Amino acid sequence: MSGDFHFQPEDRPRLDSKYLLRWEKSQDAYVLLYPEGVIKLNATAAEILKRCTGETTAANIAAELKALFVDNADIENSIYKFLEVTHGKGWIRR
Amino acid sequence: MAKDGSAVSLDGQGKPMWLVLELTYRCPLKCVWCNNPLDFDQYGKKELSTEEWKRILREGRELGALQLGFSGGEPMLRDDLEELVEEAERLGYYTNLITSGVGLTPERLKALKQAGLKQIQLSLQSANRSLTDELVGARAHDLKIEVARMIKAEGFPMVLNVPVFRQNIDQVDEILALAEDIGVDYLELANIQYYNWALLNRDELLPTREQIERAEAAVIAARQRPGQQMTIYFVIPDYYETRPKACMNGWGTIHLTIAPDGAALPCQEVRVIEGLEFPTVREHSLDWLWNDSPLFKKFRGDEWMKEPCRTCDEKEKDFGGCRCQAFLLTGDATNTDPACAKSPHHHVIEMAVNKAREKHHVPRPLVRRQIGAVTTVFMEHK
């Protein structure tokens, strides 16, 4: 849970088993459900977490997101940052 | 049970995101801090049927409910629990079971897993057999530990909920060690809130400030231990805060509780407030109860507020605190929660706090939650 944890490009992040990611029609958004909690995700967060299956590398997640959100040139850095922050929150594992 | 500290990062946008079904008030334990009504035994004959609960589940999803708690009493006393979990899963809820562990046999645990149950919150009162058994009025400690290990072996995420008060708060280190050994995911050390049975016993249960400070220090040390996997929550009692809790995240904003008899409630304790009507799902749709019933409209928003809340710049943050506590301790549910230091009634909280630290405190027996322990017939009621 320390702040200086870094994901490497070859790491394959996966959603922690306590968390459930799914589309919620009533919120018109993806939500993350876990014991006693709900988090509504914005589009970018949802696209990243959908790929945290333990099968896709961080590098591939970044590449796919880059293709998805072409108008954001600096997206790669923010994806690694997002992975690290959500790892700190316990949402994902390496 | 929904608590302060529940991690909600969603504005419900007017939807009852948290639905709690109090399937029954029956319970094999006799906890002296129980938050069920004092006349809990009056509800047995009025309990909803399986089909009625299923209708609530469907209507709840239509209203946008996401998190679902099966609570009580002891929900394991309902034979249809597995069937209700299965239906809830089919409808797309995130299902939580809130249990004392009594009645959670290996067979039923497996059946619940199969039905799709997502998470189990188990209560434990101490790390010590004789203390737990005394506190709950039954031989339950060994069983609870066994159930806790079984839950982890079955692969459920698990919240270990420890209600905290004067008699067990000095055990925080031992409880932390036990929870780590079991492999608990979330440990919730929650100072109890004082309603119903807990309020009856408050003078004996309220810890001192020094006890709370020591417990909190132990929690902070445990959180910083290298390799700590467990998420540890520590909820201090609002009696020791200078601002009230943001009770239920505001009245009728995200929480909807259904009592065993089908009454739709903005919170589990609300029946303590006199002069309100509590319509049930037997006469009304959930939609009407949530959106249009006078009960849910009563304290929604801030129109009802008096001073000092009305002009307070923190009213968006704590919504004036708890309506039930305002009623119970000041006699008027529209008053500021006396836990707030700005409340003109704050002295009633200070008196309770001072009493907790009295050197020559004359101990009184604790009243156990059981039929006949008290009589409620002379209370103006319901």
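Residues numbered from 1 in each chain as written. Chains lettered and ligands numbered in written order. Predicted model: local features only at pLDDT ≥ 70, side-chain atom pairs only at ≥ 80, totals over all residues. Heavy atoms only, no water.

### Let's talk about the overall build of chain B
- Within chain B one finds 14 helices and 10 strands.
- Its C-alpha atoms give chain B a radius of gyration of 20 Å, within 12% of the compact-globule value 21 Å for 382 residues.
- For the C-alpha atoms alone, the extent of chain B along its principal axes is close to 55 × 50 × 45 Å.
- Per-residue burial over chain B gives 59% buried out of 382 residues.
- In chain B, 74% of the contacts between residues at least 6 apart in sequence involve partners at least 24 apart.
- Of the roughly 15,900 Å² that chain B leaves accessible, carbon and sulfur atoms contribute 50%.
- If the 47 positive side-chain charges of chain B are averaged to one point and the 57 negative ones to another, these points end up 1 Å apart. (Helix = DSSP H or I, 4+ residues; strand = E, 2+ residues; numbered from the N terminus. Rg over C-alpha atoms; globule rule 2.2 N^0.38 Å. Buried < 20%, exposed > 50% of the residue type's maximum accessible area, 1.4 Å probe, protein only. Contact = heavy atoms within 4.5 Å. Areas by Shrake-Rupley, 256 points an atom, 1.4 Å probe, with all protein chains shown as cover. Lys, Arg positive; Asp, Glu negative; His and termini not counted. Charge placed at Lys NZ, Arg CZ, Asp CG, Glu CD.)

### With respect to the overall build of chain A
- Counting secondary structure elements, chain A contains 3 helices and 5 strands.
- Counting helices and strands in the order they occur from the N terminus, chain A gives β-β-β-β-α-α-α-β.
- A compact globule built from 94 residues would reach a C-alpha radius of gyration of about 12 Å, and chain A, at 13 Å, matches this within 12%.
- Sorting the 94 residues of chain A into buried and exposed places 50% on the buried side.

### Re the pattern of salt bridges
- All chains considered together, the criterion is met by 36 salt bridges over all chains.
- For Glu24 of chain A, the salt bridge identified is with Arg61 of chain B, shortest N-O distance 3.1 Å. Taken together, the residues Glu24 of chain A in strand β2 (residues 20–24) and Arg61 of chain B in helix α1 (residues 50–62) connect one chain to another.
- Classification of Glu24 of chain A as buried rests on a relative accessible area of 2%.
- Salt-bridge contacts for Arg202 of chain B lead to Asp203 of chain B; the nearest nitrogen and oxygen are separated by 3.9 Å. (Salt bridge = Lys/Arg side-chain N within 4 Å of Asp/Glu carboxyl O.)

### A short note on the interface of chain B and chain A
- Contacts between the two partners involve 30 residues from chain B, matched on the other side by 17 residues from chain A.
- Buried area between chain B and chain A, summed over both chains or domains, comes out near 1,900 Å², and the portion from carbon and sulfur atoms is 51%.
- Counting across the interface, chain B meets chain A through 2 salt bridges.
- Summed over the shared surface of chain B and chain A, the result is 7 residue pairs in polar contact (both at pLDDT 80 or more).
- Contributing elements (two or more residues each) for the side of chain B that touches chain A: β1 (7–8), β4 (94–99), β5 (119–123) and β7 (186–191) of chain B.
- Looking at the side of chain B that touches chain A residue by residue, the class counts come to 12 nonpolar, 12 polar and 6 charged. (Buried area = accessible area lost by both parts, 1.4 Å probe. Polar contact = N/O pair within 3.5 Å; in protein donor to acceptor, adjacent residues only side chain to side chain. Nonpolar A, V, L, I, M, F, W, Y, C, P; charged D, E, K, R; others polar.)

### Description of the packing of helix α5 (residues 141–153) of chain B against helix α6 (residues 172–182) of chain B
Residues and elements named next belong to chain B.
- For the pair α5 and α6, interaxial distance at closest approach is 10 Å and the crossing angle is 40°. Compared by their axis directions, α5 and α6 come out oblique. Residue-level contacts link Ile145, Ala148, Arg149 and Lys152 of α5 to Leu178, Asp181 and Ile182 of α6. (Axes fitted to C-alpha atoms, helices over the stretch in contact; angles between N-to-C directions. Parallel < 35°, antiparallel > 145°, perpendicular 65-115°, else oblique.)

### Some points on the sheet that holds strand β10 (residues 264–265) of chain B
Residues and elements named next belong to chain B.
- Spatially, the 9 strands line up as an open sheet ordered β8-β7-β6-β5-β4-β3-β2-β9-β10, and their pairing is mixed. For this open sheet the edge positions go to β8 (231–235) and β10, each flanked by a neighbour on one side alone.
- Two elements, strand β9 (residues 255–258) and β10, share 2 bridges in a ladder whose sense is antiparallel. Among the inter-strand pairings, Ile258 is bridged to a residue of β10, identified as Ala264.
- Most of the contacts of helix α9 (residues 209–224) go to β8, to which it runs at about 165°, and overall it touches β7 and β8. (Pairing = 2+ DSSP bridges.)

### Examining helix α2 (residues 81–91) of chain B
All names here are of chain B.
- Of all 11 residues in α2, 8 are buried; the element is thus mostly enclosed.
- Turning to α2, its buried residues number three or more, namely Leu81, Glu82, Leu84, Val85, Glu87, Ala88, Glu89 and Leu91.
- Two residues or fewer after α2 comes Gly92, characterised by a positive phi angle close to 100°.

### A word on the pairing of strand β4 (residues 37–40) of chain A
All names here are of chain A.
- Strand direction decides the pairing type here: strand β3 (residues 29–34) and β4, joined by 4 bridges, are antiparallel. Within the sheet, the bridge partner assigned to Leu32 lies in β4 and is Ile39.
- Once β3 ends, the chain turns through 2 residues before running back antiparallel as β4, passing Glu36 with a positive phi of about 65°.

### Regarding the side chain of Asn35 of chain B
- Within the element layout of this structure, Asn35 of chain B appears in the loop between β2 (18–22) and α1.
- There is a polar contact of 3.1 Å between the side chain of Asn35 of chain B and the side chain of Glu269 of chain B.

### Regarding the nonpolar core
- Formed by 110 residues in total, the largest nonpolar core has its most connected members in Leu21, Trp33, Phe70, Leu187, Leu189 and Ile258 of chain B.
- By residue number, the principal contributor to this core is α6 of chain B, which donates 6 residues.
- Those residues within four positions of Leu187 of chain B in sequence are excluded, and the remaining contacts are Leu160, Val162, Ile175, Leu176, Ala179, Met230, Thr231, Ile232 and Tyr233 of chain B.
- Formed by 27 residues, the second largest nonpolar core is a distinct cluster that contains Leu32, Ala46, Ile48 and Ile79 of chain A. (Core = buried A, V, L, I, M, F, W, Y, C linked by side-chain atoms within 4.5 Å.)

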